[in-house]
Amino acid sequence: MQVFTQKKNPITGSTEWDVQHEDYDYHQEIARSAFADMLHDTERNKKYYRALQLAIERMHKDGRKANVLDIGTGTGLLSIMAARCGADSITACEAFKPMAECCAKILACNGVADKITLIPKRSTEMTVGENGDMKEKANILVTEVFDTELIGEGALSTFSHAHKYLLEKDCIVVPDSAVIYVQVVECPTMQKWNKLNDLADEELENVLRTPQKMKDCAGSAAVHDIQLSQLPRQAFRELSEQIPVFYYDWSGRTPIDMKRTVKQQFAVTNTGRAQMVFMWWELNMDTEGKICLSCAPWWTHTDADVASERPQDTIPWRDHWMQAVYYFPQELTLKKDTEVTLISCQDEYSLWFYLEDEKSKYKNYKRPICECGVHMALSRTHVSYLNDGRRSKKFLSQLRQEIGKESVVLDLNGSSFMGLAAAKFGAKQVYIYETLNLNVGILIDYINENSLNNVTIVPNIDDSIVTQVTNVISDPNFSNALLPWENLKMAYILYKYNSKLRSDVSITPEGCELWGMPVEFQDLHKIRIPLDKCEGIDMTTFDNLVESSRIISDADIEPQPLWEYPCKSRGLPRKLLEIDMRVLQPTYATNDIHPILDTDCDEVQSINGFVLWMSWTVGGKQISAGPQEWPAVGERVQWDMHTRQAVKILKKAHEAGSTDTWSSQIACDLEKGQFNVDIKLNINDQ
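Residues numbered from 1 in each chain as written. Predicted model: local features only at pLDDT ≥ 70, side-chain atom pairs only at ≥ 80, totals over all residues. Heavy atoms only, no water.

## Some thoughts on the sheet that holds strand β24 (residues 506–508)
The test is simple: We call two strands paired when DSSP finds no fewer than two bridges between them. A run of H or I in DSSP becomes a helix once it reaches four residues, and a run of E becomes a strand once it reaches two; helices and strands are each numbered from the N terminus. Every angle, taken between N-to-C directions, lies between 0 and 180 degrees, and every axis is a line fitted to C-alpha atoms, over only the stretch in contact when it is a helix. In what follows, residue pairs with any heavy atoms lying within 4.5 Å of each other are defined as contacts.
With parallel pairing, five strands are arranged side by side in an open sheet as β22-β21-β20-β23-β24. The open sheet has two edge strands with one neighbour each: β22 (455–458) and β24. On average, adjacent strands in this sheet sit at an angle of 20 degrees to one another, irrespective of strand direction. As judged from the three bridges shared by strand β20 (residues 408–411) and strand β23 (residues 471–473), these two strands associate in the parallel manner. Each residue of the ladder has a partner; that of aspartate 411, found in β23, is isoleucine 473. Relative to the sheet, helix α13 (residues 437–449) contacts β21 (429–433) and β22, its axis offset from that of β22 by approximately 175 degrees.

## Details of the sheet that holds strand β14 (residues 260–267)
Hydrogen bonds between backbone atoms are what pair the strands of a sheet, whose relative direction is either parallel or antiparallel. Strand order across the open sheet formed by three strands is β14-β18-β19, with antiparallel pairing between neighbours. Strand pairing shows two members of the sheet lacking a second neighbour, β14 and β19 (351–356), which therefore form its edges. Between one strand axis and the next, the sheet turns through 20 degrees on average, direction left out of account. Sheet topology note: the β14/strand β18 (residues 339–346) ladder contains eight bridges and is antiparallel. Considered in β18, the bridge of phenylalanine 266 is made with valine 340.

## A short note on the side chain of serine 384
Within the element layout of this structure, serine 384 appears in helix α10 (residues 380–386). For serine 384, the residues in contact, after removing those within four places along its chain, are Lys192, Trp193, Met641 and His642.

## What to know about the pattern of salt bridges
Filter applied, for reference: What counts as a salt bridge is simple: a side-chain nitrogen of Lys or Arg found within 4 Å of a carboxyl oxygen of Asp or Glu.
One pass over the structure, following the stated rule, counts 33 salt bridges. With its nearest N and O atoms 2.1 Å apart, the salt bridge here joins glutamate 238 to arginine 233. What you see here is one network of salt bridges that share partners, running through Asp41, Glu43, Lys47 and Arg318.

## Here's the deal with the packing of helix α3 (residues 42–61) against helix α4 (residues 77–84)
Quick note on the threshold: With respect to orientation, any angle under 35 degrees is reported as roughly parallel, any angle over 145 as roughly antiparallel, any angle of 65 to 115 as roughly perpendicular, and every other angle as oblique. Helix crossings fall into two classes, left-handed where the near helix is turned counterclockwise from the far one by less than a right angle and right-handed where it is turned clockwise. For this classification, the nonpolar set comprises Ala, Val, Leu, Ile, Met, Phe, Trp, Tyr, Cys and Pro, the charged set comprises Asp, Glu, Lys and Arg, and every other residue, Gly included, is treated as polar.
Close contact between α3 and α4 brings their axes to 9 Å; oriented N to C, the two are set at 40 degrees. One way to sum up the angle between α3 and α4 is to call them oblique. Note on packing geometry: the crossing formed by α3 with α4 is right-handed. Between α3, through Arg44, Asn45, Tyr48, Tyr49, Leu52 and Ile56, and α4, the contact on the second element is made entirely by Leu77, Leu78, Met81, Ala82 and Arg84. For the contact of α3 with α4, the class distribution of residues is eight nonpolar, one polar and two charged.

## Topic: the UniProt feature "domain: Protein arginine N-methyltransferase" (unreviewed entry) in the protein chain
To keep it simple, the criterion reads: UniProt positions are given in the numbering used here, feature names are shortened, and annotations may be inferred rather than shown by experiment.
When the UniProt feature table is mapped to this numbering, "domain: Protein arginine N-methyltransferase" (unreviewed entry) covers residues 176–342. For residues 176–342, the helix share is 5%, the strand share is 40%, and the end-to-end C-alpha distance is 27 Å.

## A short note on α4
For the record, the criterion: Whether a residue is buried, partly exposed or exposed follows from its accessible area with a 1.4 Å probe, protein chains only, as a fraction of its type maximum: under 20%, in between, or over 50%, in that order.
Extensive coverage of α4 is indicated by the burial of seven of its eight residues. All of the buried residues along α4 are Leu77, Leu78, Ser79, Ile80, Met81, Ala82 and Ala83. Among the residues trailing α4, glycine 86 stands out with phi positive, at a value near 95 degrees.

## Focus: helix α15 (residues 489–497)
Within α15, seven of the nine residues are buried, which leaves it mostly tucked inside the rest of the structure. When α15 is considered as a whole, its buried residues turn out to be Lys489, Met490, Ala491, Tyr492, Ile493, Leu494 and Tyr497.

## Describing the nonpolar core
Note on soluble globular proteins: their nonpolar side chains tend to be buried together. The cut-off we apply is this: Only buried residues count toward a nonpolar core, which is a set of Ala, Val, Leu, Ile, Met, Phe, Trp, Tyr and Cys residues joined through side-chain atoms within 4.5 Å.
Core analysis: the largest hydrophobic core is formed by 91 residues, its most contacted members being Phe146, Trp250 and Leu283. Tyr431, Ile666, Cys668 and Leu681 belong to the second largest nonpolar core, which has 52 residues in total.

## Regarding the confidence of the model for the protein chain
Detailed reading of the predicted coordinates is not advisable wherever pLDDT falls low. Formally: For every residue, the pLDDT score states the predictor's confidence, bounded by 0 at the bottom and 100 at the top.
Per-chain confidence: the protein chain averages 93 in pLDDT, with 94% of residues scoring 70 or above. Across residues 1–5, confidence stays below pLDDT 50; counting only partners more than four residues off in sequence or on other chains, it has 18 contacts.

## A closer look at the side chain of aspartate 543
Convention followed: N or O atoms closer than or at 3.5 Å make up a polar contact, with two conditions inside protein: a donor-capable atom paired with an acceptor-capable one, and, for residues adjacent in sequence, both atoms drawn from side chains.
For aspartate 543, the position within the fold is in helix α16 (residues 540–553). Residue classification places aspartate 543 among the buried residues on the basis of a relative accessible area of 13%. Within the structure, the side chain of aspartate 543 is placed 2.8 Å from the backbone nitrogen of leucine 531, a separation counted as a polar contact. At a separation of 2.6 Å, a polar atom in the side chain of aspartate 543 contacts the main-chain amide nitrogen of aspartate 532. With sequence-adjacent residues up to four places away left out, aspartate 543 is seen in contact with Pro530, Leu531 and Asp532.

Printed below as a string of structure tokens:
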């Protein structure tokens, strides 16, 4: 049986019906659950294992049975560990039905189904008693209900309920406690992800002023999770030491606060603009605090080899627990050796922060809410893209050359400001095509701030506009685009009206190219590759479930911000498709085979994935949304920080030689707004 599902086509902007497997949603949840990434975290697994062993040994040493409760068991890994450590009874609960069913098979496969009672419920729905889910309360709790924000998955309510209804008073909890740390920093690079800057040209003269309401906006309190260890060290200045702001006692010895505000004075270590805090946390796995699991970035991580060439590569990698950035509602200039107050706020699921000195005080510390529209309409990545002066200066330089007093401009992307810049450069009239109300509101604020009277925002493009247009422009990064080719929305719109445009119309950008390259990811492949065994526990049942679900529901190629995920080039970049915006065709199709290397040699390259990206032609010059320098085979690739690239991860790494190839198949239909790409590695086994 099949079902109809709705999906939005980012190229056409329309909602389309698609025929899918009847269990499409079920399989999509499994495919995107990220259990595998978590289970590939060897340090996490080993420290949970050791802490469980110590807890069970302690119960037995005290002459008590070790009765274990595993909340949110997932694959059952922690329960199986408890069984192997000699627990007397184990109850595991898992509310996600597909995972609970998978867990039952994994328990049977590993020969422990008779030792573990699996309850397909949330822990908050479990009962204790003769006819309950548990005959008696547990005296050991093991659980992993944490996210990058630590408490974002409901850890506080999970622990509180467990202690009240499911656990003995003198129980042992794994982990025993947690600490959240922050560091106050100045980081103009990360601030580009938060606040829109004035738009400046190559001469550093302002072309567009950012509306004051956007500069003053407190922004969004939503966590910005990021691989902070990949941020260039010179990109930020530390203004404080690491500050422990919240301590969480999971053991039940003290009550858990669902809401609190903590004020702490700290000494400023460097003069600078306090723009945000970097945040991470640590788990104390055992009652004696000997086993610590840290999510700290490399410069504060106790295990980092700071003398190595890349110290960030010397600490454990994980994607399920990253670090976080929280932006202050307003920047504050700090002077070295002065005392400043950090205000840390927490509710049941989230955190936010304020900063005060003697002159700057707040009436309250409520959770920041966006009042300017930018933080609601645009993703953080898109905000950073609009702040990317390297790109915008090239675009502005071309516009300045082309725009004159008689220019009538049609801007096809209302989630950028190039149409407004064209108006500022003196165009007779600028039409900006935009249908999203939030984007329209941002444009109107910019129009008013910059006193522009030659701009009209249009929800439709009619013949009266098309026939008078002298310049078509489109900053090739749409706010709803994730994959690189979804920015071909420009070509889709342009093709619809191409026949009605003047023959001498100017088009910017004038073309684009899609490029691809085989790579070896340092760590990113762990989000996809099979587990096989995890700490000696057979996980092939889970691997098979995830793989079958991905075939049914999940895309083979996904968007990733690769500046956060190091990789090395394992073959020369290849141009896969080229489109000339001035001579558009209804369809494009390529079917090519590419050598890994251009010359015969004995060199072997370890390949575990492919990367694809777009490069746009503006004024005859290329603006890459991929590598910032031409990649050298065998070397690390420096990726654009302000866009996402497309990634295909292979099930396993392959050793590829000079006789091996990879193939690409691409089909682009501008009439229907459809784009399909398939990438394969071809290994010659002879």
